[in-house]
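Listed here are the chains, written in short residue letters.
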Amino acid sequence: MNKLVYPAFGLLGLIWGTNFIFMKWAAVLISPIQIVLLRVLFGFLPILLLAISRRALSWSDLRQSHHFIVMALLATALYYLAFAKGTALLPSGIAGMLSGAIPLFTFLTAFLFLRQEPITRMTITGLVIGFFGVMLIARPWNASADGISLSGVLFMIGGSLSLGCSFVYARKFLVDKNLSPLALSTYQIGFALLLLLVTTSFDGMERITSEPVALTGLVLGLGVMGTGVAYVLYYFLVQQLGALKAAGVTYVPPVVALAIGTILVNEPIHASDLLALACIIVGVYVLQKGKTAAPPVREIKP
């Protein structure tokens, strides 16, 4: 095993975990869609350079542009926008905790639309435990009293569903196109950048330059590191560990986000929040164990 695997694993978890405080700072100055535009712009450059250096792109790939546009919406523009809106309405630590539920929504959308994910007692148990954690955070029965924006929670859930649907779409329409993950990500982020450039108002965007810390967090934290470098690290981990083990990195960001929100910016935390985080992490773990333990689907031949 490459000796850089564990440092890369930790670094990726740390990068993704810091995304939420950077979004929170930027949301004070500019709109969520402007945050997404700048994030995608500065994140696209490292990915494009890597794809070019590895000769991962081909002009013939543009025949799949209609699929790339859908992926650009589901896996980048709408996903990032929903998370930016949710983080603007929630404490950054809470938003980060909700991001830990992404595997739950990904599994759910794959089951509903592809009918290929195995449903076992363990996967059902994982889903129930994980979604119980989400409910503990949302607290719809007492959200206003605890200062939790239900709209913010719904935006985070919407972003997770959008990302989950993108995996379903890619599996259904792009898996047989012989595109590498690096190429697909380059195209989807590139098309997302084009879509955002023509739909985003630039009015007031210059306000981000008045706060150097927020500007640095947006450009370097969210863009270069949180989007560009993060993709590169994830590809490296998938290559070295395989997709299932690499997915374990999703356990790290919620913990990092909660620690940053609580320790560095003094966001309030309740005992129920810690219980919710534990439920989400345990739920995702049980869900993944249930998937690996499920018997292979037998092909029925005529």
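The structure reproduced in this document is the subject of the present report.

Reading guide: rules and limits
Residues numbered from 1 in each chain as written. Predicted model: local features only at pLDDT ≥ 70, side-chain atom pairs only at ≥ 80, totals over all residues. Heavy atoms only, no water. Helix = DSSP H or I, 4+ residues; strand = E, 2+ residues; numbered from the N terminus. Rg over C-alpha atoms; globule rule 2.2 N^0.38 Å. Patch = residues over 30% accessible without salt bridge, like charges linked within 9 Å, V, L, I, M, F, W, Y side chains within 5 Å. Areas by Shrake-Rupley, 256 points an atom, 1.4 Å probe, with all protein chains shown as cover. Salt bridge = Lys/Arg side-chain N within 4 Å of Asp/Glu carboxyl O. Buried < 20%, exposed > 50% of the residue type's maximum accessible area, 1.4 Å probe, protein only. Expected span 1.5 Å × (residues − 1). Bend = angle between axes of the 7 residues up to and from the residue. Core = buried A, V, L, I, M, F, W, Y, C linked by side-chain atoms within 4.5 Å. Contact = heavy atoms within 4.5 Å. Phe/Tyr/Trp six-rings, centres within 6.5 Å; stacked < 30°, edge-to-face > 60°. Lys NZ or Arg CZ within 6 Å of the ring centre and 35° of its normal. Axes fitted to C-alpha atoms, helices over the stretch in contact; angles between N-to-C directions. Parallel < 35°, antiparallel > 145°, perpendicular 65-115°, else oblique. Left-handed = near helix turned anticlockwise from the far one by under 90°. Nonpolar A, V, L, I, M, F, W, Y, C, P; charged D, E, K, R; others polar.

**Here's the deal with the overall build of the protein chain**
Helices and strands together make up the secondary structure of the protein chain, namely twelve helices and zero strands. Written out in order from the N terminus, the α and β elements of the protein chain read α-α-α-α-α-α-α-α-α-α-α-α. Rg of the C-alpha trace for the protein chain: 19 Å, near the compact-globule value of 19 Å for 302 residues, within the 12% margin. Projecting the C-alpha coordinates of the protein chain onto the three principal axes gives extents of approximately 60 × 45 × 40 Å.

**Focus on a nonpolar patch on the surface**
Together, L194, L197, V198 and F202 line one region of the surface with nonpolar side chains, adding up to about 410 Å² of accessible area. Structurally, V198 is set in helix α8 (residues 181-199). We classify V198 as exposed; its relative accessible area is 67%.

**Brief notes about helix α9 (residues 212-241)**
Between the first and last C-alpha of α9 there are merely 38 Å, a value that for 30 residues lags more than 12% behind the 44 Å anticipated at 1.5 Å per step. Along its length, α9 reaches its greatest deviation from straightness, about 35°, at A230. Phi for G242, located one or two positions after α9, is positive at around 90°.

**A look at the nonpolar core**
Membership of the largest hydrophobic core comes to 74 residues, with the highest contact counts inside it found for L98 and L218. Beyond its immediate sequence surroundings of up to four residues, L98 is in contact with L90, V134, I137, V153 and M156. Counting ten residues, the second largest nonpolar core, distinct from the first, contains V5, A230, F236 and A246.

**Quick word on helix α6 (residues 121-138)**
Given a rise of 1.5 Å per residue, 18 residues ought to cover 26 Å, and the 26 Å separating the end C-alpha atoms of α6 matches this to within 8%. Of all the positions in α6, only T123, G126, L127, G130, G133, V134, L136, I137 and A138 are classed as buried.

**A word on the packing of aromatic side chains**
Counted under the stated rule, the structure contains nine aromatic pairs. Between W16 and Y234, the ring centres sit 6.0 Å apart and the planes meet at 40°, which makes this aromatic pair tilted. Of the two residues, W16 is situated in helix α1 (residues 5-27) and Y234 in helix α9; the sequence distance between them amounts to 218 residues. On the basis of relative accessible area, W16 is assigned to the partly exposed category, the value being 23%. Each member of the aromatic cluster is reached from another via a ring pair, and the members are F20, Y79, Y80 and F83. Here R39 stacks its cationic end above the ring of Y80, 3.9 Å away from the centre of that ring.

**Comments concerning the packing of α8 against α9**
The N-to-C vectors of α8 and α9 enclose an angle of 160°; their axes lie 11 Å apart at closest approach. Judged on the interaxial angle alone, α9 and α8 are roughly antiparallel. By crossing handedness, the relation of α8 to α9 is classed as right-handed. Contacts between α8 and α9 involve P181, L182, S185, Q188 and I189 on the former and, on the latter, T227, Y231 and Y235. Along the lines of polarity and charge, the residues of the contact of α8 with α9 split into five nonpolar, three polar and no charged.

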